[in-house]
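Listed here are the chains, written in short residue letters.
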Amino acid sequence: AHGRLRARPDVERFDGKSVRFTDGSSEDFDLVLFATGYRWDIPFVDRSMFRWKSNKPDLYMNLFSRDHRELYGLGYMETNGGAYKLFDEMADFTIRAIDARNDNGMTAQKLDRLVAADAPDLSGGIRFVASDRHATYVEIDTYRKYMKKLRKKLGWPQLEPGAFAAQRVDRNEAA
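Caption draft 1: View of the environment of V19. Mapped onto the fold, V19 is located in strand β2 (residues 18–21). In the structure, V19 is positioned 47 residues away from R66 in sequence and 41 Å away in space, judged by C-alpha atoms. Aside from chain neighbours lying at most four places away, what touches V19 is V11, R13, F14, S25, S26, E27, F29 and V32.

This is how it looks when you write it as structure tokens:
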């Protein structure tokens, strides 16, 4: 937010303090921070189970496999805001999807059609860097609004604050 850090293209080479980038530009730096990311695959799930986009699973709403009805992923995204409460919403959404698909009624059919063909723009108008690193970025408010729209379309309630309080374990009582 302060503007002193900037993402740059891949490094081609270092010449003392000068860094030459793959786009042909170069600049002098006192410090280079290597933010290399992390692996997105799951060791116990064959990579062929997912469609991949920029070496990251390409999931509908960053949750649903488009090819395997019983395959879900949570956390395969990055946002421009705090995602932890969003993960609660995504977990609830996933559980509702599993329940709907187990019932195999009209809601499941609606969901299956969305997963197969819906391709929402979740960027919120932000032009994220066109790189593998940013392939799963979403604008958090846009994502939440779209999820709210989907919940309404599928007849699912919004997740209320404190919805998971009953599942919490008091460590003192558990001991």
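Caption draft 2: Main features of unusual backbone geometry. For N62, which is not a glycine, the phi torsion comes out positive at approximately 55°. Mapping N62 onto the fold places it in the loop between β5 (56–57) and β6 (78–79). For N104, which is not glycine, the phi dihedral falls at a positive 55°. Looking at the element boundaries, N104 is found in the loop between α1 (84–103) and α2 (106–117). Residue class for N104 comes out partly exposed when judged on its relative accessible area of 49%.

Caption draft 3: The arrangement of a nonpolar patch on the surface in detail. Together, V11, F14 and V32 make up a nonpolar patch on the protein surface, roughly 220 Å² of accessible area in all. Mapped onto the elements of the fold, V32 is located in the loop between β3 (26–28) and β4 (52–53).

Caption draft 4: Main features of a positive patch on the surface. Taken together, K110, R113, K149 and K153 make up a surface patch of like positive charges. Those elements that place two or more of their residues in the positive patch are α2 and α3 (140–154).

Caption draft 5: Representation of the environment of Y143 within the structure. With respect to the secondary-structure elements, Y143 resides in helix α3. For the pair formed by Y143 and L114, sequence separation is 29 residues and the distance between their alpha carbons is 15 Å. Setting aside residues no more than four positions away along its own chain, Y143 makes contact with M61, N62, L63, M77, L86, M90, L122 and V138.

Caption draft 6: Representation of the packing of α1 against α3 within the structure. At a closest axis distance of 12 Å, the pairing of α1 and α3 adopts a crossing angle of 25°. Judged by the angle between their axes, α1 and α3 are roughly parallel. In the crossing of α1 with α3, the sense of the turn from one axis to the other is left-handed. Here K85, L86, E89, M90, D92, F93 and R96 of α1 lie close against α3, whose contacting residues are I140, Y143, R144, M147, L150, R151 and L154.

Caption draft 7: The sheet that holds strand β1 (residues 11–15), seen in detail. Here 3 strands make up an open sheet; going across it, the order is β1-β2-β3 and the pairing antiparallel. Each edge of the open sheet carries a strand with a single partner, namely β1 and β3. In this sheet, adjacent strand axes meet at a mean angle of 20° when their direction is disregarded.

Caption draft 8: Geometry of the side chain of S123. Summarising the element assignment, S123 is placed in the loop between α2 and β7 (137–138). Polar contacts involving the side chain of S123 include one to the side chain of D121, which spans 2.7 Å. Excluding residues that lie within four positions of it along the chain, S123 makes contacts with F128 and E139.

Reading the values: the criteria
- Residues numbered from 1 in each chain as written.
- Predicted model: local features only at pLDDT ≥ 70, side-chain atom pairs only at ≥ 80, totals over all residues.
- Heavy atoms only, no water.
- Helix = DSSP H or I, 4+ residues; strand = E, 2+ residues; numbered from the N terminus.
- Contact = heavy atoms within 4.5 Å.
- Buried < 20%, exposed > 50% of the residue type's maximum accessible area, 1.4 Å probe, protein only.
- Patch = residues over 30% accessible without salt bridge, like charges linked within 9 Å, V, L, I, M, F, W, Y side chains within 5 Å.
- Areas by Shrake-Rupley, 256 points an atom, 1.4 Å probe, with all protein chains shown as cover.
- Salt bridge = Lys/Arg side-chain N within 4 Å of Asp/Glu carboxyl O.
- Lys, Arg positive; Asp, Glu negative; His and termini not counted.
- Charge placed at Lys NZ, Arg CZ, Asp CG, Glu CD.
- Axes fitted to C-alpha atoms, helices over the stretch in contact; angles between N-to-C directions.
- Parallel < 35°, antiparallel > 145°, perpendicular 65-115°, else oblique.
- Left-handed = near helix turned anticlockwise from the far one by under 90°.
- Pairing = 2+ DSSP bridges.
- Polar contact = N/O pair within 3.5 Å; in protein donor to acceptor, adjacent residues only side chain to side chain.

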